[in-house]
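# Topology and contacts: notes
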Amino acid sequence: MAHTSTAANTAANTVEFGPATGLSCRECGTLYELGPIFACTECFGPLEVAYEFGEIRREDIESGPANIWRYRSLLPVPADVAAKPNLQPGWTKLVKADRLAAELGLRSLHVKDDSGNPTHSFKDRVVSIALEAARNFGFHTLSCSSTGNLAGAVTAAAARAGLDACVFIPADLEPAKVVMAAVYGGRLVAIDGNYDEVNRFCSELIGDELGEKWGFVNVNLRPFYAEGSKTLAYEIAEQLGWRLPDQIVIPVASGSQLTKIDKGFRELIKLGLVEDRPYRIFGAQAEGCSPVSRAFKAGQDVVQPVRPDTIAKSLAIGNPADGPYVLDIVRRTGGAVEDVNDQEVVEAIRLLARTEGVFAETAGGVTVGVLRKLVREGRLDPDAETVVLNTGDGLKTLDAVAEHARPTAVIRPSLDAFRAAFAN
Amino acid sequence: MSVSVRIPTILRTYTNGAAEVSGEGGTLREVLQKLDADYPGIGGRILDETGKIRRFVNVYVGEEDVRFADGLDTATPDGVQISVIPAVAGG
Ligand SMILES: Cc1ncc(COP(=O)(O)O)c(C=O)c1O
Ligand SMILES: [Zn+2]
């Protein structure tokens, strides 16, 4: 039977996209069919994936694979997604951080350590969902604008999936991130400008016929990309024994991750997978790029962009698209947005490494640094269950700590020399 | 002053698909007024009911985000390119 109606197209779409039924504008609610679109034609508001979930049971999730696809029934992906070539990120460790907790004066603390992902940052989660969308839309090239981590996740995912990659970064990134973005093949274009300028360039490229068959994971595939961060919320809840933490500290660059972790928590409550209890969300920024923290402290609901200057380059987005939502969420949940300076970032990286054996990149330093500041200032409940995110690997930002992490002594290979060096 | 305005994909229905149109005006506000006169309705997509730039739109005059300059009062020198760009996620 020949189906030519839009209804038939929609039916086909919902199969390819699992439980996703369309895209809806987060600002005005206008509904759109699933497609490579990202902004509302009425109000420019961001589009996000809308769903019709069936009944979802803990047992079904628990019997799934040890990666993000255990949550496929909550994501805009086809049911057989786990069988397709992709990086299979997720199900990273939730480290019980007793020594860090003791040092900070917290009763119960966990570190969600996303440095364990295939390309060593949480970006593998978002890219894996965007990759499915790119396949569905028939794109041949996977692309992004990136502060580094996303670029590596995209080139690696494209390599695994057999797509072309072309990624764009600011030219002054950490060397390890440049290597990781380049080693998986594809094209790496370094742009003489900051991330916000790279972003702007990519937005123009997408409106040009040059970029027509390209899936920019964070631009035209943004609604799908963003859903990947929900898996952090699901994993944390499941790993805590199907409970939401009382308070969670999350790094903020564009604010997409924080926004979607909140969405993930709310879905779990709505589906009856966790108890409906209040939770507080805190955002973490680096002082040298803290537009959202500034707006929070000033009591504003618009975010004035800044020109970034911080060692936390992965968080150096001066014009955060989801900034207003971060403000809404932290205010609604009774949290806050705070920032720390570069020295505090380095101290926090060392603190986390020394107490828990987890080596974070600068973004993790920002987050742990903000956790420490909030506890010191009495703004976090020391008795409540706390989770802090480490979203990236310290090996990517070695220079940040290199001068503080050197041999304790350089000696000749003799007992006398060792005794002399460590006598007192 | 005559300027060029780059139109994002989602607003090209107003410009019959044109990705770039020419504009006129000494400030961004004037350019947008003229744009709306030439392509009725487009102004209300970029500006909200109170006449401010919508919160999820970025407007650039040349290389500069107008929120770093004078917003709608930002000067638009002859020949400058203006871009209207929806906000995107980070990376
Ligand atoms: C390591 C790391 N953590 C956190 C973030 C913040 O992500 P978002 O833009 O979703 O706020 C980024 C963004 O690039 C990142 O690279
Ligand atoms: Zn809208």
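Quick caveat: nothing in here was measured; it's all calculated off a predicted structure.

This next bit is on the overall build of chain B. Within chain B one finds two helices and five strands. Dimensions of chain B, computed from the C-alpha atoms along their principal axes, are close to 35 × 30 × 25 Å. Among the 91 residues that make up chain B, the fraction classed as buried is 51%. The long-range fraction of contacts in chain B, counting pairs at least 24 apart against all pairs at least 6 apart in sequence, stands at 52%. Averaging the coordinates of the 9 positive side-chain charges in chain B and doing the same for the 13 negative ones gives two points 9 Å apart.

Let us look at a nonpolar patch on the surface. All names here are of chain A. A cluster of nonpolar residues, Val179, Val183 and Tyr184, forms a patch on the protein surface that exposes about 270 Å² of accessible area. With respect to the secondary-structure elements, Val179 resides in helix α6 (residues 175-183). Accessibility expressed as a relative area gives 53% for Val179, which makes it exposed.

What follows deals with the interface of chain B and chain A. Residue-level contacts link 29 residues of chain B with 41 residues of chain A. Counting the surface lost from both chain B and chain A, the interface buries some 2,900 Å², and carbon and sulfur atoms represent 52% of this. It is Phe56, Val88 and Gly91 of chain B in chain B that bury the most area against chain A; as a group they hold 25% of the surface buried on that side. At the boundary of chain B with chain A, the tally comes to five salt bridges. The salt bridge involving Glu63 of chain B is made with Arg200 of chain A; its shortest N-O contact spans 3.9 Å. The tally of links from chain B across to chain A stands at 14 residue pairs in polar contact (both at pLDDT 80 or more). For the side of chain B that touches chain A, the secondary structure elements donating two or more residues are α2 (42-46), β3 (57-61), β4 (64-65) and β5 (81-86) of chain B. If one sorts the elements of the side of chain B that touches chain A by residue count, β5 of chain B sits on top with four residues. Taken together, the residues that form the side of chain B that touches chain A break down as 14 nonpolar, six polar and nine charged.

Residue and element names in this part refer to chain A. Burial of strand β7 (residues 164-170) is extensive: six of the seven residues sit out of reach of the surface. In this structure, strand β6 (residues 141-145) lies alongside β7, joined through five bridges in parallel fashion. Across the sheet, Thr141 pairs through a bridge with Asp164, a residue of β7. In terms of handedness, the path from β6 via helix α5 (residues 149-161) over to β7 forms a crossover that is right-handed. Here five bridges tie β7 to strand β8 (residues 187-191), and the two strands are oriented parallel to one another. Looking at β8, one finds that Pro170 is bridged to Ile191.

What follows concerns the UniProt feature "domain: Tryptophan synthase beta chain-like PALP" (unreviewed entry) in chain A. Look at the UniProt record and you will see "domain: Tryptophan synthase beta chain-like PALP" (unreviewed entry) annotated at residues 88-392 of chain A. This span, residues 88-392 of chain A, is 44% helix and 17% strand, and a straight line between its end C-alpha atoms measures 17 Å.

Before going further, it helps to examine the coordination of the zinc ion (ligand 2). Around the zinc ion (ligand 2), the protein contributes the donor atoms Cys25 of chain A (SG), Cys28 of chain A (SG), Cys40 of chain A (SG) and Cys43 of chain A (SG), at 2.3 to 2.4 Å from the metal centre. Around the zinc ion (ligand 2), the four donor atoms are arranged such that angles at the metal cover 99 to 119°; this shape is classified as tetrahedral.

Residues and elements named next belong to chain A. Within the secondary structure, Asp393 sits in the loop between β13 (385-390) and α15 (415-422). Among buried charged residues, Asp393 stands out as having no salt bridge; its nearest opposite-charge side chain is Lys396, 7.3 Å away. A polar contact of 2.9 Å, which involves the side chain of Asp393, links it to the backbone nitrogen of Leu395. When near neighbours in sequence (up to four residues on either side) are disregarded, Asp393 contacts Ser115, His120, Phe359, Ala360 and Glu361.

To continue, consider the sheet that holds strand β2 (residues 31-32) of chain A. Residues and elements named next belong to chain A. Sheet architecture is open: three strands sit in the order β2-β1-β3, paired in antiparallel fashion. At either margin of the open sheet sits one strand with a lone partner, and together these are β2 and β3 (47-51). Relative to β2, strand β1 (residues 20-25) runs antiparallel, the two being bridged by two bridges. Residue Ser24 lies in a different strand from β2, and its bridge partner there is Leu31.

What follows concerns the site of ligand 1. As a structural note, the neighbourhood of ligand 1 is formed by 18 residues, with Ala253, Ser254, Gly255, Gln257 and Thr391 of chain A the closest of them. One chain alone does not account for the residues near ligand 1; they come from chains A and B. Within the side chain of Lys123 of chain A, a nitrogen or oxygen atom sits 3.3 Å from an oxygen atom of ligand 1. Between ligand 1 and the protein, one listed contact pairs an oxygen atom with a side-chain N or O atom of Ser254 of chain A at 2.7 Å. When ligand 1 sits alone it has 390 Å² of accessible area, and the protein chains cover 100% of it.

Rules and cut-offs
- Residues numbered from 1 in each chain as written.
- Chains lettered and ligands numbered in written order.
- Predicted model: local features only at pLDDT ≥ 70, side-chain atom pairs only at ≥ 80, totals over all residues.
- Heavy atoms only, no water.
- Helix = DSSP H or I, 4+ residues; strand = E, 2+ residues; numbered from the N terminus.
- Buried < 20%, exposed > 50% of the residue type's maximum accessible area, 1.4 Å probe, protein only.
- Contact = heavy atoms within 4.5 Å.
- Lys, Arg positive; Asp, Glu negative; His and termini not counted.
- Charge placed at Lys NZ, Arg CZ, Asp CG, Glu CD.
- Patch = residues over 30% accessible without salt bridge, like charges linked within 9 Å, V, L, I, M, F, W, Y side chains within 5 Å.
- Areas by Shrake-Rupley, 256 points an atom, 1.4 Å probe, with all protein chains shown as cover.
- Salt bridge = Lys/Arg side-chain N within 4 Å of Asp/Glu carboxyl O.
- Buried area = accessible area lost by both parts, 1.4 Å probe.
- Polar contact = N/O pair within 3.5 Å; in protein donor to acceptor, adjacent residues only side chain to side chain.
- Nonpolar A, V, L, I, M, F, W, Y, C, P; charged D, E, K, R; others polar.
- Pairing = 2+ DSSP bridges.
- Right-handed = clockwise from strand over helix to strand, strands pointing away.
- UniProt positions renumbered as here; feature names shortened; annotations may be inferred.
- Donors = N, O, S within 2.8 Å, 3.2 Å for Na, K, Ca; no water.
- Tetrahedral: all angles 85-135°; square planar, octahedral: opposite > 155°, others 65-115°.
- Near = heavy atom within 4 Å.

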